[in-house]
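Single-letter residue listing:
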Amino acid sequence: MGCCFMFGKKAKQAVEGDEDLHSVKVFSYNDLRKATQDFSDANKIGEGGFGSVFRGVLKDGTLVAVKVLSATSRQGVREFLTELTAISDIKHANLVTLIGCCAEGSHRILVYNYLENNSLAQTLLGSRYSNIRFNWRARVKIAVGIACGLAFLHEEIRPHIIHRDIKASNILLDKDLTPKISDFGLARLLPPNATHVSTRVAGTLGYLAPEYAIRGQVTKKSDIYSYGVLLLEIVSGRCNTNTRLPSEDQFLLERTWALYEEGRLEDIIDIDIGDDLDVDEACRFMKIGLLCTQDAMARRPSMTNVVRMLSGEKRINVDQITRPAMITDFADLKISNKEQRPGETRSPTTTPTTKSFTTTEPFSSSETPTQSSM
Ligand SMILES: Nc1ncnc2c1ncn2[C@@H]1O[C@H](COP(=O)(O)OP(=O)(O)OP(=O)(O)O)[C@@H](O)[C@H]1O
Ligand SMILES: [Mg+2]
């Protein structure tokens, strides 16, 4: 039998008699070893908080991304497959498709549809050369697509899913530049109280809503904050944080707010967009970004309303736009390169400044019924 659709021995034992679990395709470790040429460095396409990602080719020629999880060994095969069944049932044009998994011995591996055009972090925002040109129509499609995918996770499926890690590296692009949100639904694969979200990577912190960064409070509204930051990145072509720029320019959100107050929002639009730029629409998108990043969670619109505002179907109430919650409000977080997780309390010896992660309540979700996720 081919490498797909085959249950590994242990997995098979674990799921026997449980009809609900049969929708997850289970690959043997050997199948995935062959698909990735023994998880070779040449096939490694990235490394994130969950582990390493490899490009692979299945026996039937299907291109896949193979994500080898590092922090999940404590989870049993049955629990792992149960969680994956829930994720694999979630299908949407703007979500990465989970093809299957491997749960042999201590291996916990996810197999995804391979996306040809990498992530927004590497293409639109990456410092390395990318030959993709993002004109205005492409950016509209990306911004709207991500919003639709997130609205689907937040509002259409039951239980709802909070992504918890919306950022440019988790937005993958297919050959037509259709955006696909990756890494949703993975939080429950991690051991209790663990998170893979780390502030190690400069910029990641800039996506975090303050209530998430400081108190570990996860809600749909913290995802919406992250989406707002991402939207500003898409329009400006700039990373949320760039410490090589002059200090007034380092934080995209801060800069956008300053320009909004001066009535010069168009100054931050990416000059590389090209002839099809629609300045009014771009400014509208940035106002939506500012609305999504409001300090008061109640002011941030739902993702469904974000979709409607992006399309112009719903008017933006500019009275609701006040100074957003900004990374510089807890600016000391940017200076340490010591790996740290939101919700952790930092030792005074590593951080001389005072505003910091001060509470220890980790990653509670205040909205139910909701499956918190990554
Ligand atoms: N389905 C996929 N198709 C193509 N490339 C992928 C796919 N999934 C992941 N990648 C690549 O692997 C890289 C690493 O992904 P991974 O999700 O492990 O880390 P990350 O997104 O950078 O960080 P985080 O762990 O915080 O999500 C991505 O940036 C992307 O370039
Ligand atoms: Mg990712």
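Just so we're clear, the structure is a prediction, and the values are computed from it rather than from any experiment.

Looking only at helices and strands, the protein chain has 9 helices and 12 strands in total. Across the 374 residues in the protein chain, those meeting the buried criterion constitute 45%. In the protein chain, of all internal contacts separated by at least 6 residues, the share reaching a separation of at least 24 is 68%.

Every one of the 23 residues lining ligand 1 counts as a neighbour, but Gly-46, Gly-48, Gly-49, Ala-65 and Ser-169 are closest to it. Mapped onto the shell around ligand 1, the elements with two or more residues apiece are strand 2 (44-48), strand 4 (63-69) and strand 6 (109-113). Tallying contributions element by element places strand 2 first for the shell around ligand 1, with 3 residues. Residue composition of the shell around ligand 1, grouped by class: 9 nonpolar, 11 polar and 3 charged.

Bringing the pairing of strand 2 into the picture now. Remark: a regular strand shows side chains that alternate across the two faces of the sheet. Bridge count between strand 2 and strand 3 (residues 51-57): 4 bridges; the pairing is antiparallel. Paired with Gly-48 across the bridge in strand 3 is Gly-51. If you look at the hairpin formed by strand 2 and strand 3, you'll find 2 residues sitting between the two strands.

Moving on, we get to the nonpolar core. Of all hydrophobic cores here, the largest spans 94 residues; its most connected members are Ala-147, Tyr-227 and Leu-231. It is helix 4 (residues 136-156) that provides the largest number of residues to this core, a total of 10 residues. Formed jointly, this core draws a minimum of three residues from each of two domains, domain 1 (2-113) and domain 2 (120-368). Ignoring sequence-local partners within four residues, the contact set of Leu-231 consists of Ala-143, Phe-285, Ile-288, Gly-289 and Cys-292.

On to helix 7 (residues 252-261). The set of residues buried in helix 7 consists of Leu-252, Leu-253, Glu-254, Thr-256, Trp-257 and Tyr-260. Those residues of helix 7 that are buried lie in contact with helix 6 (220-236) and helix 8 (279-292). Two residues or fewer after helix 7 comes Gly-263, characterised by a positive phi angle close to 70°.

Here we take up the confidence of the model for the protein chain. For residues with low pLDDT, the predicted coordinates do not support detailed interpretation. In this model, the protein chain carries an average pLDDT of 81, and 75% of its residues clear a pLDDT of 70 or more. In this model, residues 198-203 is a region of pLDDT below 50 whose contacts with residues beyond four sequence positions or in other chains number 15 contacts. Long-range and interchain partners of residues 334-374, a stretch whose pLDDT sits below 50, account for 91 contacts in this model, where long-range means more than four residues apart.

Next up on the list: the environment of Thr-82. Along the chain, Thr-82 turns up in helix 3 (residues 77-88). Exposure remark for Thr-82: the 18 C-beta atoms within 10 Å place this residue in the partly exposed category. Along the sequence, Thr-82 and Val-24 sit 58 residues apart, while their C-alpha atoms lie 8.8 Å from each other.

Here the focus is the sheet that holds strand 3. Backbone-to-backbone hydrogen bonds pair the strands of a sheet. The strands run either parallel or antiparallel. If you walk across this open sheet you meet the 6 strands as 1-5-6-4-3-2, and the pairing is mixed. Pairing within the sheet leaves two strands with one partner each, and these edge strands are strand 1 (25-26) and strand 2. The pairing of strand 1 with strand 5 (residues 98-102) spans 2 bridges and is classified as parallel. Opposite Val-26, over in strand 5, you have Cys-101 as the bridge partner.

Residue Pro-159 is bonded to the preceding Arg-158 through a cis peptide linkage, with omega at -10°. As for its placement among the helices and strands, Pro-159 is situated in the loop between helix 4 and strand 7 (160-162). A positive phi angle, near 80°, is found at Arg-164, a position not held by glycine. Along the chain, the position of Arg-164 falls in the loop between strand 7 and strand 8 (171-173). Residue classification places Arg-164 among the buried residues on the basis of 25 C-beta atoms within 10 Å. The phi torsion at Asp-183 lies on the positive side, around 65°, for a residue other than glycine. Locating Asp-183 in the fold gives a position in the loop between strand 9 (179-181) and helix 5 (210-215). Overall, Asp-183 belongs to the buried group, with 24 C-beta atoms counted inside 10 Å.

With that settled, consider the packing of helix 4 against helix 9 (residues 303-311). The contact between helix 4 and helix 9 brings their axes to 8 Å, and the two run at 155°. In terms of orientation, helix 4 lies roughly antiparallel with respect to helix 9. You can see that helix 4 and helix 9 cross each other, and the crossing is left-handed. Each of Ala-143, Val-144, Ala-147, Cys-148, Leu-150, Ala-151, His-154 and Glu-155 in helix 4 lies in contact with helix 9, whose residues at this interface are Met-303, Thr-304, Val-306, Val-307 and Leu-310. Its residues assigned to classes, the contact of helix 4 with helix 9 shows 10 nonpolar, 2 polar and 1 charged.

What counts, and where the lines are drawn
- Residues numbered from 1 in each chain as written.
- Chains lettered and ligands numbered in written order.
- Predicted model: local features only at pLDDT ≥ 70, side-chain atom pairs only at ≥ 80, totals over all residues.
- Helix = DSSP H or I, 4+ residues; strand = E, 2+ residues; numbered from the N terminus.
- Buried ≥ 20, exposed ≤ 12 C-beta atoms within 10 Å, placed from the backbone.
- Contact = placed C-beta atoms within 7 Å.
- Near = placed C-beta within 6 Å.
- Nonpolar A, V, L, I, M, F, W, Y, C, P; charged D, E, K, R; others polar.
- Pairing = 2+ DSSP bridges.
- Core = buried A, V, L, I, M, F, W, Y, C linked by C-beta atoms within 7 Å.
- Domains from an automatic or database assignment.
- pLDDT = per-residue confidence, 0-100.
- Axes fitted to C-alpha atoms, helices over the stretch in contact; angles between N-to-C directions.
- Parallel < 35°, antiparallel > 145°, perpendicular 65-115°, else oblique.
- Left-handed = near helix turned anticlockwise from the far one by under 90°.

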